[in-house]
Amino acid sequence: MSHVNGHPNSSSAVPISRKRRRSASVNGELPNDKLDTSSKGLNLRKRRRNETVSSELHKYSPSPPATALASGDLHYSASIEAFLDKCYPEITHPPPSTWHSSTRHPPSFYDCLSKIHLTSGALHELNRRNRHLPKSAAIALGPDSGIDFDSLPLRRGEVSANLQRFARVGGPDLIDLRGYIRSESIDLETSETSTSESLDMAGKKRKSKSQSGPSSNKRTTKSGKSVNTGPYDDNFMTALLDGGVDGPHYDPKPANFEALKTLMKATGSSPRSDFTEAKLAEFREAAQKAANEEGVNLEVITKIRDNTAYETIHSKLCSNWAPLLEEGGLTAAKPDYMDGLKIKKENAFLRLYLDTYIVPAANAPFLPNFFFEAKGPMGLGEVAQRQALHDGALGARGILYTRICAGRKIDDNAYTFSGFFAGGVVKLFAHFITQPDGIEGMLHYHMCIIGQWIVESDLDTYRVAVTAFRNLRRHASTVRERIATSAIDVLHSQVRSGKLNADSTYTPTHAPQTLDFGPASDGSRGSRGSAR
């Protein structure tokens, strides 16, 4: 080498060419000031092609084997990794599955879905089950396949180290696909450690509860913590449908559908000054300026609501509510707006008795039956609709059990309501419960569309939509007051007669039609017989 003034560490040293640098690195002649001794050099695959690997080699061994050093060029290629793995087997690379943090569902989640959506979690579960396939699954293909499966490894652990290294650098490892067959011929186990699992991604009909035990809709993270399924996951809707919670529809309708449509159209409840071109212009401007969901809640929804004082709460996590599905696993509801009853001394026993069915959270209104969701400009109406479905089903369940305490039964009427605002559209729903299979059957939750409007389109549409929203909200307030008052009277009477203890709690029987204490006093018209 030639250096200025013969000093290799001189600040004006002549740069060493890439070719000479590589040659000098192999022969151990590179000056010390050119060596990279930082810990960041461990991952050699991310280094630039013109950098030397000599410094990394000297970290782990002062004298690499001569046969390995003589193996040829040390350019960035597959030969570098093969060279390092041969000389220094203790240098390992983490598997690709640990490079990025992601969530995973437990196997039981997919076993209970009637239809499995193609999500990243589902693909990871399919790969995991394929890795646990036994060799017998490959043998099932038969001797006429022309492949000697007995001599081929089916799991990654049985593949030679060289083949694994080649697949890691040169392309995907497809060894797990060898011998894969459909799951019908394999005994499916839900255990994470089972070696006989397989997943039919086309989906199977969900097993009945008599054939399969309780499962979970939870997913687990890499650290092993459980994470519930939320409305942004496509499988959230599938879990609700499988649990008897039907999505939005126009039919079947609640028994009081026509009455609801009539009261929503009633005029006179709001002043005419609320429905002028100036008010519509203010609404349009607020909708355009709202940059996110919070902006919509603060600037847009406040113009739809009136000044009536309701017991409402905004964006409260309903962590006290009992899970809607028996297997659990859904995220706790968090409505943007939730109207309920004020906590008073007079309703203390009702709150204690029904607790997790009518008290969604601490310091929040109880027995809520009106919910509203809002989305910003980039928000999805589909997600808001799923949230409204979940909110309304939870509220309808609480209303049902409260009516049962008052001696009522299922009558197909809607006493719970929800809605959402997204993309300039207001949509309102009525929630009701039926029991199609009789008193021993499973409860079915319905969400019927009772109105939708493009609010910004014109003044008439704006007036109709806002009037319907306010009238429905006012009706929900009246309904919950009547139902709660009726239930409180009956419960206090039972406590005085000794039928109930002061510290009793309610246990659902899923047979509400067996309780009939006479005509309803909450405004309903009684049962129509067997539910639809």
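Anything mentioned here points back to the structure above.
Nothing here was measured: the structure is a model prediction, and the numbers come from that model.

Caption draft 1: View of the overall build of the protein chain. Within the protein chain, the secondary structure is distributed over 15 helices and 10 strands. Each of the 532 residues in the protein chain was classed as buried or not, and the buried ones make up 44%. In the protein chain, the proportion of contacts linking residues at least 24 apart, taken out of those at least 6 apart, comes to 70%. Carbon and sulfur atoms provide 53% of the accessible area of the protein chain, an area that totals close to 27400 Å².

Caption draft 2: Representation of the packing of aromatic side chains. Inspection of the entire model under this criterion finds 12 aromatic pairs. Ring centres of Tyr 401 and Tyr 506 lie 5.3 Å apart, and the angle between their planes is 50 degrees; this geometry places the pair in the tilted category. Taken together, the positions of Tyr 401 in helix α14 (residues 381-405) and Tyr 506 in the segment after α15 (459-497) put the pair 105 residues apart, joining distant regions of the chain. Here the two residues Tyr 401 and Tyr 506 agree in accessibility, since each one is buried. Between Phe 420 and Phe 429, the aromatic rings sit 6.0 Å apart at their centres with planes inclined by 25 degrees, giving stacked as the arrangement. With relative accessibility at 5%, the residue Phe 420 sits in the buried group.

Caption draft 3: Broad picture of the packing of helix α9 (residues 234-242) against α14. Where α9 contacts α14, the axes come no closer than 11 Å and their chain directions differ by 30 degrees. Both α9 and α14 take part in a crossing whose hand is left-handed. Touching Asp 234, Phe 236, Met 237 and Leu 240 of α9 are Arg 386, Leu 389 and His 390, all from α14.

Caption draft 4: Structural context of the nonpolar core. Counting 62 residues, the largest nonpolar core has Leu 350, Tyr 353, Leu 354, Ile 358, Tyr 401 and Tyr 506 as the members making the most contacts within it. Per-element tally for this core: the top contributor is α14, with 11 residues. In contact with Ile 358, other than residues within four places in its own chain, are Trp 321, Leu 350, Arg 351, Phe 366, Leu 367, Pro 368, Gly 398 and Thr 402. Counting residues in each nonpolar core, the second largest holds 35 residues, with Ala 287, Cys 448, Ile 450 and Ala 476 among its members.

Caption draft 5: Structural context of the pattern of salt bridges. Applying the stated rule across the entire model yields 10 salt bridges. Arg 129 is the partner of Glu 125 in a salt bridge, and the nearest nitrogen-oxygen pair spans 2.4 Å. Of this pair, Glu 125 and Arg 129 both sit in helix α6 (residues 120-131), 4 residues apart, which is roughly one turn of the helix. The pair formed by Glu 125 and Arg 129 is uniform in burial state, with each residue classed as buried. The closest approach of N and O atoms between Asp 306 and Arg 474, which form a salt bridge, is 3.2 Å. Taken together, the residues span a long stretch of sequence, with Asp 306 in the loop between α12 (293-304) and β5 (311-314) and Arg 474 in helix α15 at a distance of 168 residues. Each of Glu 125, Arg 128 and Arg 129 takes part in a single network of salt bridges with overlapping partners.

Caption draft 6: Highlighting the sheet that holds strand β6 (residues 337-341). Pairing within the open sheet is mixed, and its 7 strands lie in the order β4-β10-β9-β8-β7-β6-β5. One side of each edge strand has no neighbouring strand; the edge strands of this open sheet are β4 (245-249) and β5. Strand-to-strand, the axes of this sheet are offset by a mean angle of 20 degrees, without reference to chain direction. In terms of strand pairing, strand β9 (residues 425-434) meets strand β10 (residues 444-454) through 10 bridges, oriented antiparallel. Residue pairing across strands places Ile 433 opposite Tyr 445, the latter belonging to β10.

Caption draft 7: Region of interest: the environment of Met 237. Examined against the element boundaries, Met 237 turns out to sit in helix α9. Given the relative accessible area of 15%, Met 237 is considered buried. Measuring from C-alpha to C-alpha, the distance between Met 237 and Gly 247 comes to 8.1 Å, with 10 residues separating the pair along the chain.

Caption draft 8: Region of interest: unusual backbone geometry. Each neighbour pair has its own omega, and for Asp 251 with Pro 252 the value is 5 degrees, a cis peptide bond. One can find Pro 252 in the loop between β4 and α10 (257-265). Positive phi outside glycine occurs at Asp 355, with the angle close to 35 degrees. On the secondary structure map, Asp 355 appears in the loop between α13 (348-354) and β7 (366-374). Notably, Asp 412 is not glycine yet its phi reads approximately 70 degrees, a positive angle. Its place among the elements puts Asp 412 in the loop between α14 and β8 (416-422). Judged by relative accessible area, Asp 412 falls into the buried class, the value being 4%.

Rules and cut-offs
- Residues numbered from 1 in each chain as written.
- Predicted model: local features only at pLDDT ≥ 70, side-chain atom pairs only at ≥ 80, totals over all residues.
- Heavy atoms only, no water.
- Helix = DSSP H or I, 4+ residues; strand = E, 2+ residues; numbered from the N terminus.
- Buried < 20%, exposed > 50% of the residue type's maximum accessible area, 1.4 Å probe, protein only.
- Contact = heavy atoms within 4.5 Å.
- Areas by Shrake-Rupley, 256 points an atom, 1.4 Å probe, with all protein chains shown as cover.
- Phe/Tyr/Trp six-rings, centres within 6.5 Å; stacked < 30°, edge-to-face > 60°.
- Axes fitted to C-alpha atoms, helices over the stretch in contact; angles between N-to-C directions.
- Left-handed = near helix turned anticlockwise from the far one by under 90°.
- Core = buried A, V, L, I, M, F, W, Y, C linked by side-chain atoms within 4.5 Å.
- Salt bridge = Lys/Arg side-chain N within 4 Å of Asp/Glu carboxyl O.
- Pairing = 2+ DSSP bridges.

By themselves, these figures tell us nothing about what the structure is for.
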